[in-house]
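Examining the three-dimensional arrangement
Residues per chain are reported as follows:
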Amino acid sequence: MAQDTNTPSNQHDRILVIDFGSQVTQLIARRLREDGIYCEIHPFNRADAAFIDAFAPKGIILSGGPASTTGETSPRADDRAFSLGVPVLGICYGEQTMVAQLGGEVETADHREFGRADVRVTGSSALFTGVWEENWAYPVWMSHGDRVISLPEGFEPIAATSSAPFAAIADEARHFYGVQFHPEVVHTPDGAKLLSNFTRLICGLDGDWTMAAFREEMIAKIRAQVGDGKVICGLSGGVDSSVAAVLIHEAIGEQLTCVFVDTGLMRAGEADEVVSLFRGHYNIPLAHVEAEDLFLGKLEGVDDPEKKRKIIGGTFIDVFEEEAKKVGGADFLAQGTLYPDVIESVSFDGGPSVTIKSHHNVGGLPERMNMALVEPLRELFKDEVRALGRELGLPEAFVGRHPFPGPGLAIRIPGAVDKDKADLLRKADAIYLDEIREAGLYDEIWQAFAVLLPVRTVGVMGDERTYDYVLALRAVTSTDGMTADSYPFEHDFLSKVSTRIINQVRGINRVVYDCTSKPPGTIEWE
């Protein structure tokens, strides 16, 4: 994967994270970015010597992974990682492959370590400076079946557990370090500090990765890429497309036109908010397409969730393409692609690339419309996008809003969708979110929403029998949406929400709360 020498990241000292397939590799990058250190993740089989030289990292981190170094075909880091002359940190599998490649020995352990463990510091190291002291034990998170049993020349053990005598190792002369635990996860309380020691103290980085710097650098890049061309952007009203639109508009002004397609499946008041903010406050050229009848007409009688998604996605493309023709001669298509999308689209093991998420509002448009892409957020994680939005002056109501799926309320109405159901759900969902905000809980929750179930139950209201819909409430906590736990509301809060919804939304007579975690469930119901 060739490097783009015009990217803002090339103006910063940076760390290369070589990925061996760990499920938490992205967390390494997030911890470093949070500390002001720019880094990129690249799969081991694409990080060859030429790539490493061109990337010119100030340090290298080898991630964990599911393989065993005892296997004949297990993945390896290119030898250039160890001859470049920069510090190297191996994490879990990264430690094991570093040991195996440099002349040590790794074996499959009789006693595996998964979950919490305590490591005792057995030697001093720059990696531990100001964080851990010798002869003290500290909690960490382990996830390994193999273990190091002999070290390469130049290495010394600096921490151990009862079953892993080389839980942390160091070659201080070459600045090579290995840890058997995962410092990137929150279950290792001091992990972020250890990573900071590696990047700042050992690699000598200052931490100059800020959203203010990124903003100025990306504006220059957009201007250089677009020139005098026209850009069209599909605006969903969500955080990603909103931040991308404001950033691009700041760079090229009226060369940008946004298209907002109101599918009739948005949250209460959302269409008015989008139009008011972008057309009114920012004065961004905006085409507002009211297409509720079109979308609901195509969804009539369709109850399969995947068919609903495909109908909505295909109809969106049709409408967007028609609006683009009205703009006339657009040269570029702007998308709110984020760094996790980029990472997930490249398979670490060389297999087929993972498809970008199907809910992406403008998926499929580049091929049909023959336009180059402008993707100003493709180097950023979600939390960085929010920080950039604040840097750009976007209202907190937009920057901090919960994620909302591309298909909108259609996948929060299991079964067939119609206007009456959408209106019913919109009202109930607005009340739920209003109560969450009133209780001061909105920012504690990753995502909260209501689901209108295809179930009716008997109720009693005002001495009269009712036979109305059941509404399910969902709220989860998460850091990245990959895993999630249900939010532990107090019962009094749920009771208050239920009473208000039933009293104010005619057609709902029962409210339930979904306490399923992810996994085994998903965050959305469809």
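Here goes a summary of the coordinates provided. Per chain, the residues get numbers from 1 upward, laid out in the order the sequence is written. Local features in a predicted model are, by the rule used here, given only for residues with pLDDT of at least 70; side-chain atom pairs are given and counted only at 80 or more, and totals for whole chains, interfaces and linings are based on all residues. For the side-chain quantities, the full set of heavy atoms in the structure was used; hydrogens and water were omitted.

**Some thoughts on the overall build of the protein chain**
Just so we agree on the cut-off: Only runs of H or I of at least four residues qualify as helices and only runs of E of at least two qualify as strands under DSSP, and these elements are numbered from the N terminus. Radius of gyration means the value over C-alpha atoms here, while the globule rule gives 2.2 Å times the residue count to the 0.38 power. Whether two residues touch is decided by their heavy atoms; if any such pair falls within 4.5 Å, the residues are in contact. A 1.4 Å probe and the Shrake-Rupley method give the accessible areas. Residues count as covered only by the protein chains that appear here. The charged-residue count follows a simple rule in which Lys and Arg add positive charge and Asp and Glu add negative charge, with His and chain termini not counted at all. For this purpose, a charge sits on NZ of Lys, CZ of Arg, CG of Asp or CD of Glu.
Along the backbone of the protein chain there are 16 helices and 18 strands. For the protein chain, whose C-alpha radius of gyration is 26 Å, the value lies close to the compact-globule estimate of 24 Å for 526 residues. For the C-alpha atoms alone, the extent of the protein chain along its principal axes is close to 80 × 60 × 40 Å. In the protein chain, 75% of the contacts between residues at least 6 apart in sequence involve partners at least 24 apart. For the protein chain, the exposed surface amounts to about 22,700 Å²; the carbon and sulfur share of it is 48%. Of the side chains in the protein chain, 49 bear a positive and 79 a negative charge, and the two mean positions are spaced by 5 Å.

**Remarks on the packing of helix H6 (residues 211-226) against helix H7 (residues 239-252)**
Formally: Axis lines are fitted through C-alpha atoms, for helices just across the contact stretch, and the angle between N-to-C directions can take any value from 0 to 180 degrees. Roughly parallel covers angles under 35 degrees, roughly antiparallel covers those over 145, roughly perpendicular covers 65 to 115, and oblique covers all other angles. Should the near helix be turned anticlockwise from the far one by less than a right angle, the crossing is left-handed, and should it be turned clockwise, the crossing is right-handed. Charged residues are taken to be Asp, Glu, Lys and Arg, nonpolar residues to be Ala, Val, Leu, Ile, Met, Phe, Trp, Tyr, Cys and Pro, and polar residues to be all remaining types, Gly included.
At their nearest, the axes of H6 and H7 sit 9 Å apart, and the two run at 65 degrees to each other. As summarised for this structure, H6 and H7 are arranged roughly perpendicular, according to the angle between their axes. Here the hand of the crossing between H6 and H7 comes out right-handed. Facing Arg215, Met218, Ile219, Ile222, Arg223 and Val226 of H6, the residues of H7 in contact are Leu247, Ile248, Glu250, Ala251 and Ile252. When grouped by side-chain class, the residues that make up the contact of H6 with H7 number eight nonpolar, no polar and three charged.

**A look at the nonpolar core**
The nonpolar side chains of soluble globular proteins are, as a tendency, buried together. Rules: Nonpolar core, defined: a set of buried Ala, Val, Leu, Ile, Met, Phe, Trp, Tyr and Cys residues in which side-chain atoms within 4.5 Å join the residues together. Partly exposed describes any residue whose relative accessible area lies between the buried limit of under 20% and the exposed limit of over 50%, with all areas from a 1.4 Å probe on protein chains only and scaled to the type maximum.
With 50 residues, the main nonpolar core has Tyr432, Ile436, Leu471, Leu473, Phe489, Ile501 and Ile508 as its most contacted residues. Of the residues forming this core, the biggest block, eight residues, is contributed by helix H15 (residues 419-438). Not counting the four nearest positions on each side in its chain, Phe489 is found in contact with Tyr432, Ile436, Leu441, Ile445, Ala475, Leu494 and Tyr513. Of all hydrophobic cores here, the second largest spans 44 residues; its members include Val246, Met266, Tyr282 and Leu380.

**Structural notes on the pairing of strand E8 (residues 168-171)**
Stated precisely, the cut-off is as follows: DSSP bridges decide pairing: two strands pair if at least two such bridges lie between them.
The two faces of E8 match: Ala168 and Ala170 on one face and Ile169 and Asp171 on the other face are all buried. Pairing of strand E7 (residues 156-160) with E8, which is carried by three bridges, proceeds in the antiparallel orientation. Note that in E8 the partner of Glu156 across the bridge is Ala170. In sequence, E8 turns back onto strand E9 (residues 176-179) through a hairpin of four residues, with His175 there showing a positive phi of about 60 degrees.

**Remarks on H6**
We apply this condition: For a helix, the expected span equals 1.5 Å multiplied by the number of residues minus one.
Counted at 1.5 Å a residue, the expected span for H6 with its 16 residues is 22 Å, and the 22 Å between its end C-alpha atoms agrees. Turning to H6, its buried residues are Met211, Phe214, Arg215, Glu217, Met218, Ile219, Ile222 and Val226. Gly227, located one to two residues past H6, shows a positive phi value of around 60 degrees.

**Topic: the environment of Ala220**
Looking at the element boundaries, Ala220 is found in helix H6. Given a relative accessible area of 45%, Ala220 falls into the partly exposed group.

**Section: the sheet that holds strand E10 (residues 231-234)**
A sheet is described by the order of its strands in space; here five strands give the open sequence E12-E11-E10-E13-E14, paired in parallel fashion. Edge positions in the open sheet fall to strand E12 (286-290) and strand E14 (372-374), since each of these has one partner strand only. Across the sheet, the mean angle from the axis of one strand to that of its neighbour is 25 degrees, orientation sign disregarded. Sheet topology note: the E10/strand E11 (residues 256-262) ladder contains four bridges and is parallel. Note that in E11 the partner of Cys233 across the bridge is Cys258. The sheet contacts of helix H8 (residues 270-281) involve E11 and E12, and relative to E12 the element is tilted by about 165 degrees.

**Thoughts on unusual backbone geometry**
Excluding glycine, most residues fall at negative phi; most peptide bonds, likewise, are trans. A cis amide bond links Lys518 to the next residue, Pro519, at an omega of -15 degrees. As for its position among the elements, Pro519 is in the segment after strand E18 (508-514). Pro520 follows Pro519 through a cis peptide bond whose omega is 10 degrees. Even without a glycine there, the phi angle at Asn135 is positive, about 75 degrees. Within the secondary structure, Asn135 is located in the loop between strand E5 (105-121) and strand E6 (137-150). The phi dihedral of His175 falls on the positive side, at around 60 degrees, and the residue is not glycine. Within the secondary structure layout, His175 lies in the loop between E8 and E9.

So far we have only geometry, and geometry alone does not tell us how the molecule works.
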